[in-house]
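Commentary on secondary and tertiary structure
Residues per chain, in single letters:
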Protein chains: 2
Amino acid sequence: MLKVPEHQVAGHIAKDGKLGPLVDDRGRFYKPLQGDARGENEAKFYESFSSNKNVPDHIRGYFPVYHGVQLAEASDGSGKLPHMVLEDVVSGYVKPSVMDVKIGSRTWYPDVSEEYFNKCIKKDSATTTVYLGFRVSGLKIFDCQESRFWRPDKRVVLAYKVDGARMALRKFVSSNPSADSVPDCAYASEVYGGSNGILEKLLELKAWFETQTLYHFNSCSILMVYENESGGDDERRAQVKLVDFAHVLDGNGVIDHNFFGGLCSFIKFIQDILESSDNRCENGH
Amino acid sequence: MLKVPEHQVAGHIAKDGKLGPLVDDRGRFYKPLQGDARGENEAKFYESFSSNKNVPDHIRGYFPVYHGVQLAEASDGSGKLPHMVLEDVVSGYVKPSVMDVKIGSRTWYPDVSEEYFNKCIKKDSATTTVYLGFRVSGLKIFDCQESRFWRPDKRVVLAYKVDGARMALRKFVSSNPSADSVPDCAYASEVYGGSNGILEKLLELKAWFETQTLYHFNSCSILMVYENESGGDDERRAQVKLVDFAHVLDGNGVIDHNFFGGLCSFIKFIQDILESSDNRCENGH
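Quantities reported herein were computed from a predicted structural model and do not represent experimental measurements.

**Details of the side chain of Gln239 of chain B**
Residue and element names in this part refer to chain B. Topologically, Gln239 is positioned in strand E10 (residues 239-243). With a relative accessible area of 16%, Gln239 lands in the buried category. Of the polar contacts made by the side chain of Gln239, one reaches the side chain of Tyr93; its length is 2.9 Å.

Here you go:
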């Protein structure tokens, strides 16, 4: 009944006998609670967040719905393991373009081990994390001109510098993402812009992060999704979700300036694309 | 004609034959251009900033006026040295309370030497820089109840944790800063609040930093000043100035998310003090 997710772009992948998340056909995402503290910390966050009366309703929608922890057959054949049961964010999409962007100018945080600090600082400096306050962690874009998904190799994605990150964000809303030519940003105004677009949602999140001192979202990602299958209403169903909470800490009255600064830098990139593209809606489908 | 500044709270101090900034009696501050790249970088920043047409006029007021580089007798007796001639921010104040707050969750930046990185990360972690996105670097507060200045030792200030930083920001606007009792925040509403208060100025700066991509203000400080001498109009003359530009870099189209995040965290602290204090104006003078 559970199967490997088709549209996962970052994190552990459940294939070749490895442990990773699974999905069912009813829109649920099963994320294995690994043996270490990270899995437990993430489940603890979801428990706390779900019942936290101080989180405004309109903000709750930016997080996957949490259905508790359940035993499920692990993807690596190791038998039944506890899994967090979450909303499958891409469920119901036919041809979703998906991008995972890790927010923050650092992924480490006070009181981590020296080993973890060294690992993080190395990766944060090698990617755009330090310089931009975010890094693209993974992406999969439906190429409407070629009628197929385009997905660059993980090593290519993690090697993006400033220009690479900017290019990926342009390709994400283009009908020709896999071409060597200039990305046309054909869907920028529909996907990034407009009252249901990604920018509007990011600005809503930003307003919350400006003052929220409940949680520090260390090493969290923003997942962006939209639909490429043209339906009756031509609705892109652009979505923004926060994911990956293994390193969330209590805010203790301090705003999450690391996430907030990175989010605002990311928003500036999206605004720049919206401003620079003519946004003629020459959708390729 | 030049003398050691009376109200300098951080940085190199020109006394005991050391090299440091000097002031004249006409409101100018002479900062020696040290032999290394930092002095040159700071002068280069002032040159660039002074002539940058993209800086809005209302933002220019948050920076000391720059009068160029002049040769002046160095404070360490080494003869004539080039000095940046700047506006003396506390000139004209009789009993100024002054606080220097270094903004940002890191003081290092991409491409610095390993030695500098190690020095910074150590200090950033030992102080509140990493956790709060700012650290108090120095302060000198006029105690109206005792009629004298109170100035904690530099080592004490740099050892502040979260509670220490919050306490210092409360003492800064209290009539009893040197007492062991709870700071009364007697001047919070006058100094932090109001249309000429510090919060309003910080919010104006914040609005600029939200989108400005001209400069990255690594390792810069916000200097806060106000007057304790009661004059005819009881005006506090609360001021906010950005100072210390030895590590400023070009923004290259990216917002300064490090400064911006820290600034917003700092703003939240000021707002919390304004909200928690009853703000009865029982000035001690």
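Once the structure has been displayed, the description carries forward.
**Remarks on the nonpolar core**
Counting 133 residues, the largest nonpolar core has Tyr192 and Phe217 of chain A together with Tyr192 and Phe217 of chain B as its most contacted members. Setting aside its immediate chain neighbours within four residues, Tyr192 of chain B contacts Leu169, Phe172, Val173, Tyr187, Gly197, Ile198, Leu199, Glu200, Met224, Ile270, Ile273 and Leu274 of chain B. By size, the runner-up hydrophobic cluster in this structure holds 14 residues, among which are Trp108, Tyr116 and Val130 of chain A together with Ile121 of chain B.

**Some thoughts on the packing of aromatic side chains**
Overall, the coordinates contain 56 aromatic pairs over all chains when judged by the stated rule. Between Phe209 of chain A and Phe259 of chain A the ring centres are 4.3 Å apart and the planes differ by 15 degrees, which places this aromatic pair in the stacked class. Of this pair, Phe209 of chain A sits in helix H8 (residues 198-209) while Phe259 of chain A sits in helix H9 (residues 257-276), and the two are 50 residues apart along the sequence. As far as burial versus exposure is concerned, Phe209 of chain A and Phe259 of chain A are alike and both buried. For the ring pair Phe217 of chain B and Phe245 of chain B, a centre distance of 6.0 Å and an interplane angle of 70 degrees mean the geometry is edge-to-face. Highlighted residues: Phe217 of chain B in strand E8 (residues 215-218) and Phe245 of chain B in the loop between E10 and strand E11 (247-250), separated in sequence by 28 residues. Residue classification places Phe217 of chain B among the buried residues on the basis of a relative accessible area of 1%. Given the relative accessible area of 0%, Phe245 of chain B is considered buried. One aromatic cluster in this structure is built from Phe45, Tyr46, Phe49, Phe63, Tyr66, Trp208, Phe209, Tyr215, Phe217, Phe245 and Phe259 of chain A.

**Comments concerning the sheet that holds strand E3 (residues 66-73) of chain A**
The strand order across the open sheet formed by 4 strands is E1-E2-E4-E3 (chain A), and the pairing between neighbours is antiparallel. Edge positions in the open sheet fall to strand E1 (22-23) and E3 of chain A, since each of these has one partner strand only.

**Here we look at the packing of helix H8 (residues 198-209) of chain B against helix H9 (residues 257-276) of chain B**
Residues and elements named next belong to chain B. Between H8 and H9, the least distance of the axes is 10 Å, while the angle of their chain directions is 155 degrees. Classified by the angle their axes make, H8 and H9 are roughly antiparallel. Here the hand of the crossing between H8 and H9 comes out left-handed. Packed against H8, whose contacting residues are Leu199, Leu202, Leu203, Leu205, Lys206 and Phe209, the element H9 presents Phe259, Phe260, Leu263, Cys264, Phe266, Ile267, Ile270, Gln271 and Leu274 at the interface. Across the contact of H8 with H9, the residue classes tally to 13 nonpolar, 1 polar and 1 charged.

**Section: the packing of H9 of chain A against H9 of chain B**
Running from amino to carboxyl end, H9 of chain A crosses H9 of chain B at an angle of 130 degrees, the nearest separation of the two axes being 8 Å. Relative to H9 of chain B, H9 of chain A is oriented oblique. For the crossing formed where H9 of chain A meets H9 of chain B, the hand is right-handed. Contacts between H9 of chain A and H9 of chain B involve His257, Phe260, Gly261, Gly262, Cys264 and Ser265 of chain A on the former and, on the latter, His257, Phe260, Gly261, Gly262, Cys264 and Ser265 of chain B. Of the residues assigned to the contact of H9 of chain A with H9 of chain B, the class counts are 4 nonpolar, 8 polar and no charged.

**Brief notes about the pairing of E8 of chain B**
Residue and element names in this part refer to chain B. The two faces of E8 match: Tyr215 and Phe217 on one face and His216 and Asn218 on the other face are all buried. With 4 bridges connecting them, E8 and E11 associate as antiparallel partners. Bridge assignment links Tyr215 to a residue of E11, and that residue is Asp250.

**Considerations on the environment of Thr127 of chain A**
All names here are of chain A. Structurally, Thr127 is set in the loop between helix H3 (114-126) and helix H4 (129-132). Thr127 gets classed as buried once you look at its relative accessible area, which sits at 9%. Within the local environment of Thr127, its side chain forms a polar contact with the backbone oxygen of Lys123, the two atoms lying 2.8 Å apart. Engagement of the side chain of Thr127 in a polar contact is seen with the side chain of Arg135, the distance being 3.4 Å.

Conventions adopted
- Residues numbered from 1 in each chain as written.
- Chains lettered and ligands numbered in written order.
- Predicted model: local features only at pLDDT ≥ 70, side-chain atom pairs only at ≥ 80, totals over all residues.
- Heavy atoms only, no water.
- Helix = DSSP H or I, 4+ residues; strand = E, 2+ residues; numbered from the N terminus.
- Buried < 20%, exposed > 50% of the residue type's maximum accessible area, 1.4 Å probe, protein only.
- Polar contact = N/O pair within 3.5 Å; in protein donor to acceptor, adjacent residues only side chain to side chain.
- Core = buried A, V, L, I, M, F, W, Y, C linked by side-chain atoms within 4.5 Å.
- Contact = heavy atoms within 4.5 Å.
- Phe/Tyr/Trp six-rings, centres within 6.5 Å; stacked < 30°, edge-to-face > 60°.
- Pairing = 2+ DSSP bridges.
- Axes fitted to C-alpha atoms, helices over the stretch in contact; angles between N-to-C directions.
- Parallel < 35°, antiparallel > 145°, perpendicular 65-115°, else oblique.
- Left-handed = near helix turned anticlockwise from the far one by under 90°.
- Nonpolar A, V, L, I, M, F, W, Y, C, P; charged D, E, K, R; others polar.

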